[in-house]
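These are the residues of each chain, in order.
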Amino acid sequence: MILIFDLDGTLLNTIDDLGYACNYALAQTGFPTHPIEAYPAMVGNGISNLIRRALPEAERNDETVARLREFFVPYYNEHNCDQTRPYDGIPQLLSTLRAKGHTLAVASNKYQAATEKIVRHFFPDTFDCILGERDGIPRKPDPQIVADILNAVASKASLPLYIGDSLVDRDTALNARVPFVACSWGFVPRERLIEAGVTTLIDRPEELLSLLPIH
């Protein structure tokens, strides 16, 4: 199978480094910062939307977002592996999936350079395709990123499955017409996923193995 994983909140707990980078950008431009625990509700749609949500409502315009990105991106590029860590059980799961011959991919709304750096730092030689936010390509939940992954690995695998922690991921899978598995350890509370109608939900990484045709 081709197993397509979201990154933030699914493979890695990235919230501290994202929050610190956003607070740095806010502070450098004179805006109030937020407690780190407020950031899970702001992530999921790319860096620009994270910044937009962190700004005071009256300042949420493209010009201000672009100005904060100029501080956010260099800071995050330098510090995006400081506090970020894999969720418990994820390295073992990925190793098992590779050993069983599955093709693995990452589909993220994080900009491409950071996505590649972080994935290769924590999971070297693990993923067959790593895609993030790219210029001119719509972000998730647009299905283009899934289509691009499937085109890139078409000769290696079939029967795709998408694994993520958010409703953005659920909608991406729905739009791409591929099955979706939600994980409850990420940034969206389990109760919210269930209330939104998610039907396949795992609470520990190893539970994914029981959903695959090859055990």
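The coordinates are above.
Here goes a summary of the coordinates provided. (Residues numbered from 1 in each chain as written. Predicted model: local features only at pLDDT ≥ 70, side-chain atom pairs only at ≥ 80, totals over all residues. Heavy atoms only, no water.)

**Some thoughts on the side chain of Thr64**
Filter applied, for reference: Helix and strand assignments follow DSSP, with helices taken as H or I runs no shorter than four residues and strands as E runs no shorter than two, numbered in order from the N terminus. To sort residues, take the accessible area from a 1.4 Å probe on protein chains only and compare it with the maximum for the residue type: under 20% means buried, over 50% means exposed, and anything in between is partly exposed. When checking whether two residues touch, look at their non-hydrogen atoms; a contact exists if any pair is within 4.5 Å.
Structurally, Thr64 can be placed in helix 3 (residues 62-79). Take Thr64: its relative accessible area is 6%, and that puts it in the buried class. In this structure Thr64 touches Phe31, Leu55 and Glu59, once residues within four positions along its chain are discounted.

**Topic: helix 4 (residues 90-99)**
Because the α-helix completes a turn every 3.6 residues, residues three or four places apart line up on one side. Using the following cut-off: In this description, the arc belongs to the directions extending from the helix axis to the C-beta atoms.
Among the residues making up helix 4, those that are buried are Ile90, Leu93, Leu94 and Leu97. All buried residues of helix 4 project into a common sector of 95° when viewed along the axis, lining one side. For helix 4, the exposed residues lying more than 90 degrees away from the buried face are Gln92 and Ala99. Gly101 sits one or two positions beyond helix 4 and adopts a positive phi of about 90°.

**Here we look at unusual backbone geometry**
For the bond from Lys140 to Pro141, the omega torsion is 15°, close enough to zero to count as cis. Along the chain, Pro141 turns up in the loop between strand 5 (129-133) and helix 6 (144-152). A positive phi angle is found at Arg177, which is not glycine, with a value near 60°. With respect to the helices, strands and loops of the structure, Arg177 is situated in the loop between helix 7 (167-176) and strand 7 (180-183). Given a relative accessible area of 78%, Arg177 falls into the exposed group.

**What to know about the nonpolar core**
Selection rule: Take the buried residues of types Ala, Val, Leu, Ile, Met, Phe, Trp, Tyr and Cys, join any two whose side-chain atoms come within 4.5 Å, and each joined set is a nonpolar core.
In terms of nonpolar packing, the biggest core is built from 51 residues, with Phe5, Leu11, Tyr39, Phe72, Phe127 and Leu208 touching the most fellow members. Counting residues per element, this core draws most heavily on helix 1 (residues 15-28), which supplies six residues. Leave out the neighbours within four places in its chain, and Phe127 touches Phe5, Leu11, Leu94, Leu104, Ala105, Val106 and Val119. With 20 residues, the next largest nonpolar core counts Val146, Val153, Phe180 and Val188 among its residues.

**Comments concerning the pattern of salt bridges**
Note the threshold: By salt bridge we mean one thing: a side-chain nitrogen of Lys or Arg within 4 Å of a carboxyl oxygen of Asp or Glu.
Inspection of the entire model under this criterion finds twelve salt bridges. In this structure, Asp62 and Arg52 form a salt bridge, with 2.9 Å as the shortest nitrogen-oxygen distance. One end of the pair, Asp62, is in helix 3; the other, Arg52, is in helix 2 (residues 47-54), and ten residues separate them in sequence. The salt bridge partner of Arg170 is Asp171, with a shortest N-O separation of 2.6 Å. On the basis of relative accessibility, which here comes to 26%, the residue Asp171 falls in the partly exposed class.

**Some words on the state of the cysteines**
When the sulfur atoms of two cysteines share a covalent bond, that bond is a disulfide. Applied cut-off: Put simply, a disulfide is two cysteine sulfurs that come within 2.5 Å.
In the structure shown here, the tally under the stated rule is zero disulfides. Considering cysteine sulfurs only, Cys22 is the nearest to Cys81, which forms no disulfide, with 18 Å between them.

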